[in-house]
Number of protein chains: 2
Amino acid sequence: MSRETVSHEDGAIYEFTPDLEALATVESGAELTIETRDSLDGAVQAESDVIESVPEEVNAATGPIALEEATPGDVLRVEIEEIRIVEARGRVITIDGFGLLDGYDDIEAPRTRMTPVSADGATLEFDDLEVPIDPVIGTIGVAPDSASYTTLVPHDHGGNLDSTDVTAGNAIYFPVFQDGAMLAMGDCKAAMADGEMCGTGSEVATEIDVTVEVIDGGATDVDLRRPLVETPDAWKPLASAETLEEACELANRDAIALLETEHGFDATDAYLFSSLVGGLEISQVVDPLVTVRNSIPKAYLSSPF
Amino acid sequence: MSRETVSHEDGAIYEFTPDLEALATVESGAELTIETRDSLDGAVQAESDVIESVPEEVNAATGPIALEEATPGDVLRVEIEEIRIVEARGRVITIDGFGLLDGYDDIEAPRTRMTPVSADGATLEFDDLEVPIDPVIGTIGVAPDSASYTTLVPHDHGGNLDSTDVTAGNAIYFPVFQDGAMLAMGDCKAAMADGEMCGTGSEVATEIDVTVEVIDGGATDVDLRRPLVETPDAWKPLASAETLEEACELANRDAIALLETEHGFDATDAYLFSSLVGGLEISQVVDPLVTVRNSIPKAYLSSPF
């Protein structure tokens, strides 16, 4: 099967809505290359360009892409094979009114720092420091159930999850809420810390190779309600909420449900077991809702699908 | 130097106060073995024993141990060499009124699950699952500056940090607030998830080998205000606060201060850089205050001391 390309130049969204119209339609099993522009729409090309330089909205998500077979109740699996940086620099910025340390006297906002890609393509430069390039998809999701969310907001449909585990070598699963699922992605970072404290990683344009697959919801015992990441070693429910405490609670409930199904535990035993292995991880603490993961080692959980 | 033993049978505290009296006094550089009882004071030995079986307080911390040379403004380094499990089982419990999922209808509290140590000593058993033994010191700290904290509470003096990085092979640094520093530790777990969601790991009695060292506060540029962990690969400020968001803010401020000193960055550049590498990690979400870490890879930070 030849690899189809879907580019942000063909179409991109700034809001995940229940009634998205497909930019492209593919079959389950399709191998795609998704081209994304940087989250600042290419408007920040020097340190004198700041967030106010961006003419329109931020966080364009290329798509949406409809999956022919997907109907509500199914699960969409997106295997991330490679994320290629397609420009010579990323940029990391502060934004007035945004970020973990917004409002501190000694934190200047807006400020932009360019992070050039080194000659060998393996690292970014930040002053004289070299940061390994380890690309992350910041925004990825499907058409939501009923509400609409701008691409700045993470929720049960995915969206602005800003999770370092959404990277090459891993897969991410979404509940299908609408016919076609309506996958869109963008807002990639060449590097990002867990937490994304200043509100961005090194924002960058990319090409992303993925394989998309529809899993029949009737063929699984799992009632997937939120995104789930699969790494080589772990399964990680992702949850977004108003506070980190609420997000932890949701991600732990989701982990417990998976452990109950796998081992026949009741909820209390699954909860006790969840306190012994893996555990809670921070994705981001800055978007309008915050996101955490709950890592369950694969040693204790086979594929839920 | 022969290794001195300090046992919980000689003395243990249930509160870190500014005016602790030393159980033992040692010199900087001393190699010690600290014997700790399990956090439930040995009262839970079967699944029919629950939290209400504990006759007195919980979270005994063996000590305090005075360091002869330590005066306020110094830094205490505790290198953790080995944590040995000294009983045949740990126990993980739910407690009514406590834990991330406290109050959910399907979560029974109190409940106790025993986690026997396997014949080879390498794993714990939870039903038919095997959990690797990876011991953690739950409570470790020094005499605080002015307030007092029970051993259930984490704060700037350390205390109930419940951090998986407080383990063999790592070191933890504390600000010295009082003459002698007054180190105490206990509340070990044979295994624990990041988050400690149900409120405990596998609680267990241990012997801990440590080397303690006083670092002259005048000889360093760093104004250490809270605990700091050193792993083979990273430096991790630890911060405890009422909410995870506040704890993230403190841990990020501490990371930024270290990056400013090392690289001559201003606070904003240090903040931007902190969003690119390492990042925020969850220690525990259940104690009266919650605890997070901010990991800075050693590639970007040499020893602050």
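Quick caveat, the model's predicted, so the values are computed rather than measured.

Please clarify how the packing of aromatic side chains should be interpreted in this entry.
For any two aromatic rings, the description comes down to two numbers: the centre-to-centre distance and the angle of the planes. The full count for this structure, using the stated rule, is twelve aromatic pairs over all chains. Grouping aromatic residues by their ring pairs yields a cluster made of A:Phe126, B:Phe265, B:Phe273 and B:Tyr300. Here A:Arg253 stacks its cationic end above the ring of B:Tyr104, 4.6 Å away from the centre of that ring. B:Lys298 extends its terminal NZ or CZ atom over the ring of B:Trp235, reaching a point 5.5 Å from the ring centre.

How should I be thinking about the relation of the copies chain B and chain A in this particular structure?
Between the two copies of the chain lies a rotation about an axis combined with a shift along it. When chain B is brought onto chain A, the operation consists of a screw motion whose angular component is 180° and whose axial shift is 0.0 Å, with 0.0 Å RMSD remaining. Taken together, the rotation and translation relating the two chain copies correspond to the operation of a two-fold axis. The share of interface residues of chain B whose copies in chain A are also at the interface is 100%, consistent with both copies meeting through the same surface.

Mind showing me how you'd approach the pattern of salt bridges here?
If the charged atoms of two oppositely charged side chains come close together, the side chains can form a pair. Following the criterion strictly, the structure yields 58 salt bridges over all chains and no others. The partner of B:Asp266 in a salt bridge is A:Arg111, and the shortest N-O contact between them spans 2.7 Å. Placement of the pair is B:Asp266 in the loop between helix H1 (244-263) and helix H2 (267-274) and A:Arg111 in strand S9 (residues 111-116), with the two residues belonging to separate chains. B:Lys236 is the partner of B:Glu281 in a salt bridge, and the nearest nitrogen-oxygen pair spans 2.9 Å. Taken together, the positions of B:Glu281 in strand S21 (residues 279-284) and B:Lys236 in strand S20 (residues 234-241) put the pair 45 residues apart, joining distant regions of the chain. Residue classification places B:Lys236 among the buried residues on the basis of a relative accessible area of 8%.

It is not clear to me how the interface of chain B and chain A should be interpreted in this structure. Could you clarify?
Bring the parts together and some accessible area is lost; that lost area is often taken as the interface size. In this complex, chain B contributes 64 residues to the contact, which on the side of chain A involves 64 residues. Where chain B abuts chain A, roughly 5,200 Å² becomes buried across the two surfaces, and 65% of that area is made up of carbon and sulfur atoms. Sorting the residues of chain B by area buried against chain A places B:Tyr271, B:Leu272 and B:Leu276 first, and these three jointly supply 14% of that buried surface. Summed over the shared surface of chain B and chain A, the result is eight salt bridges.

How should the environment of A:Val142 be read in this particular structure?
Along the chain, A:Val142 turns up in the loop between strand S12 (136-141) and strand S13 (149-150). Residue contacts for A:Val142: discarding those within four places in its chain leaves A:Phe16, A:Leu76, A:His157, A:Phe174, A:Pro175, A:Phe177, A:Ala181, A:Met182 and A:Leu183.

How should I be thinking about the packing of helix H1 (residues 244-263) of chain A against H1(B) in this particular structure?
Between two packed helices, the angle of one axis relative to the other and the distance separating the axes together describe the packing. Interhelical geometry of H1(A) versus H1(B) gives an angle of 115° and a closest axis separation of 8 Å. Classified by the angle between their axes, H1(A) and H1(B) sit roughly perpendicular to one another. When H1(A) is examined against H1(B), the residues A:Leu244, A:Glu245 and A:Cys248 are found in contact with a partner set consisting of B:Leu244, B:Glu245 and B:Cys248. Residue composition of the contact of H1(A) with H1(B), grouped by class: four nonpolar, no polar and two charged.

How should the side chain of B:Ser163 be read in this particular structure?
Residues and elements named next belong to chain B. Locating Ser 163 in the fold gives a position in the loop between strand S15 (158-159) and strand S16 (171-175). Ser 163 gets classed as buried once you look at its relative accessible area, which sits at 1%. In this structure the side chain of Ser 163 is engaged in a polar contact, spanning 3.0 Å, whose partner is the backbone oxygen of Leu 161. Apart from the residues within four sequence positions on either side, Ser 163 is in contact with Val 136, Met 192, Leu 238, Ser 283, Thr 291 and Arg 293.

Explain the nonpolar core here, please?
With 100 residues, the main nonpolar core has A:Leu100, A:Phe273, B:Leu100 and B:Phe273 as its most contacted residues. Once residues lying within four places of it in the same chain are set aside, the contact partners of A:Leu100 are A:Met197, A:Val285, A:Val286, B:Glu245, B:Cys248, B:Glu249, B:Asn252, B:Tyr271 and B:Leu280.

Would you mind showing me how to read the state of the cysteines here?
Formally, a disulfide is one covalent bond, and it connects the sulfur atom of one cysteine to the sulfur atom of another. Across all of its chains, the model carries zero disulfides over all chains by this definition. No disulfide involves A:Cys198; its sulfur sits 14 Å from that of B:Cys248, the nearest cysteine.

Any chance you could explain the environment of B:Glu213 here in plain terms?
Residue and element names in this part refer to chain B. Here Glu 213 is to be found in strand S18 (residues 206-215). What makes Glu 213 partly exposed here is its relative accessible area of 35%. Note: C-alpha distance between Glu 213 and Val 292 (79 residues apart in sequence) is 25 Å.

When you look at the side chain of A:Arg226 in this model, what are you seeing that I'm missing?
Residues and elements named next belong to chain A. In this fold, Arg 226 is placed in the loop between strand S18 (206-215) and strand S19 (228-230). With a relative accessible area of 8%, Arg 226 lands in the buried category. Engagement of the side chain of Arg 226 in a polar contact is seen with the side chain of Asp 254, the distance being 2.8 Å. If near-sequence neighbours (up to four positions away) are discounted, Arg 226 is found in contact with Asp 156, Tyr 173, Pro 175, Leu 238, Ala 239, Leu 250 and Asp 254.

How should I be thinking about H1(A) in this particular structure?
Helical periodicity: at 3.6 residues per turn, an α-helix aligns residues three or four positions apart in one direction. Residues and elements named next belong to chain A. Taking 1.5 Å as the rise per residue, H1 with 20 residues should run 28 Å; its terminal C-alpha atoms sit 28 Å apart, in good agreement. For H1, every residue scored as buried is listed here: Leu 244, Ala 247, Cys 248, Ala 251, Asn 252, Arg 253, Asp 254, Ala 255, Ile 256, Leu 258 and Leu 259. Positive phi shows up at Gly 264, right after H1, with a value of about 70°.

How should I be thinking about the confidence of the model for chain A in this particular structure?
Atomic detail in the predicted coordinates should be set aside for any region of low pLDDT. Of all residues in chain A, 100% have pLDDT values of 70 or greater, and the mean over the chain is 96. What the predictor reports for the complex is a pTM of 0.97 with an ipTM of 0.97.

What exactly am I supposed to notice about H2(B) here?
Across the eight residues of H2(B), eight count as buried, placing the element largely inside the fold. Inspection of H2(B) places B:Ala267, B:Thr268, B:Asp269, B:Ala270, B:Tyr271, B:Leu272, B:Phe273 and B:Ser274 among the buried residues, and these make up the whole buried set. Next to the buried residues of H2(B) lie strand S8 (89-94), S9, strand S10 (123-126) and strand S11 (129-132) of chain A together with H1 of chain B.

Would you take a moment to explain the environment of B:Asp162 for this structure?
Residue and element names in this part refer to chain B. Residue placement: Asp 162 occurs in the loop between S15 and S16. C-alpha of Asp 162 to C-alpha of Ile 65: the two residues are 97 residues apart in sequence and 20 Å apart in space. Setting aside residues up to four positions removed in sequence, Asp 162 forms contacts with Gly 138, Asp 187, Lys 189, Met 192, Glu 196, Ser 283, Gln 284 and Asp 287.

Quick question: what am I supposed to make of the packing of H1(B) against H2(B) here?
All names here are of chain B. In the contact formed by H1 and H2, the axes pass within 9 Å of each other and the chain directions differ by 115°. As judged from the angle between their axes, H1 and H2 are roughly perpendicular. Handedness of the crossing formed by H1 with H2: right-handed. For the pair formed by H1 and H2, the contact residues are Asn 252, Arg 253, Ile 256, Leu 259 and Glu 260 on the first element and Ala 267, Ala 270, Tyr 271, Phe 273 and Ser 274 on the second.

How should I be thinking about the pairing of S18(A) in this particular structure?
Side-chain positions along a regular strand alternate between the two faces of the sheet. All names here are of chain A. Burial analysis of S18 places eight of its ten residues in the buried class, the great majority of the element. Relative to S18, strand S7 (residues 75-85) runs antiparallel, the two being bridged by ten bridges. Each residue of the ladder has a partner; that of Glu 82, found in S18, is Asp 209.

Thresholds applied
In every chain, residue numbers begin from 1 and rise along the written sequence. Each chain gets a letter, beginning with A, and each ligand a number, beginning with 1, in the order they are written. Two thresholds apply to this predicted model, a pLDDT of at least 70 for residue-level local features and 80 or more for giving and counting side-chain atom pairs, whereas whole-chain, interface and lining totals are computed over all residues. The basis for every side-chain value is the complete set of heavy atoms in the structure, and neither hydrogens nor water enter the calculation. The rule is short: rings of Phe, Tyr and Trp, with Trp giving its six-membered ring, pair when the centres are within 6.5 Å, and they are stacked under 30 degrees, edge-to-face over 60, tilted in between. Ring-over charges, as used throughout, are those where CZ of Arg or NZ of Lys falls within 6 Å of the ring centre and within 35 degrees of the ring normal. Superposing the copies works by least squares over the C-alpha atoms of residues that have pLDDT at least 70 in both of them. What makes two residues a contact is simply this: any of their non-hydrogen atoms within 4.5 Å. The rule for a salt bridge is simple: a side-chain nitrogen of Lys or Arg has to be within 4 Å of a carboxyl oxygen of Asp or Glu. Labels follow the DSSP assignment, with helices taken as runs of H or I lasting at least four residues and strands as runs of E lasting at least two, numbered in each case from the N terminus. A 1.4 Å probe rolled over the protein chains alone gives each residue an accessible area, and that area as a share of the maximum for its type sets the label: buried under 20%, exposed over 50%, partly exposed in between. The term buried area refers to how much accessible surface (probe radius 1.4 Å) is lost by two components on association, counted for both of them together. Interaxial angle, 0 to 180 degrees, is taken between N-to-C directions of lines fitted to C-alpha atoms, where a helix line uses only the stretch in contact. Small angles under 35 degrees read as roughly parallel and large ones over 145 as roughly antiparallel, with 65 to 115 read as roughly perpendicular and the rest as oblique. Three classes are used: nonpolar for Ala, Val, Leu, Ile, Met, Phe, Trp, Tyr, Cys and Pro, charged for Asp, Glu, Lys and Arg, and polar for all others, with Gly counted as polar. Between N or O atoms, a polar contact is any pair within 3.5 Å; within protein, one atom must be a potential hydrogen donor and the other a potential acceptor, and residues adjacent in sequence are included only when both atoms are from side chains. By nonpolar core is meant a set of buried Ala, Val, Leu, Ile, Met, Phe, Trp, Tyr and Cys residues that side-chain atoms within 4.5 Å join together. Count a disulfide wherever a pair of cysteine sulfur atoms falls within 2.5 Å. To estimate the expected span of a helix, subtract one from its residue number and multiply by 1.5 Å. Each residue carries a pLDDT score, the predictor's own confidence in it, on a scale running from 0 to 100. Crossing chirality is assigned from the near helix's rotation relative to the far helix, an anticlockwise turn below a right angle marking it left-handed and a clockwise turn marking it right-handed. When DSSP locates at least two bridges between a pair of strands, those strands are taken to pair.

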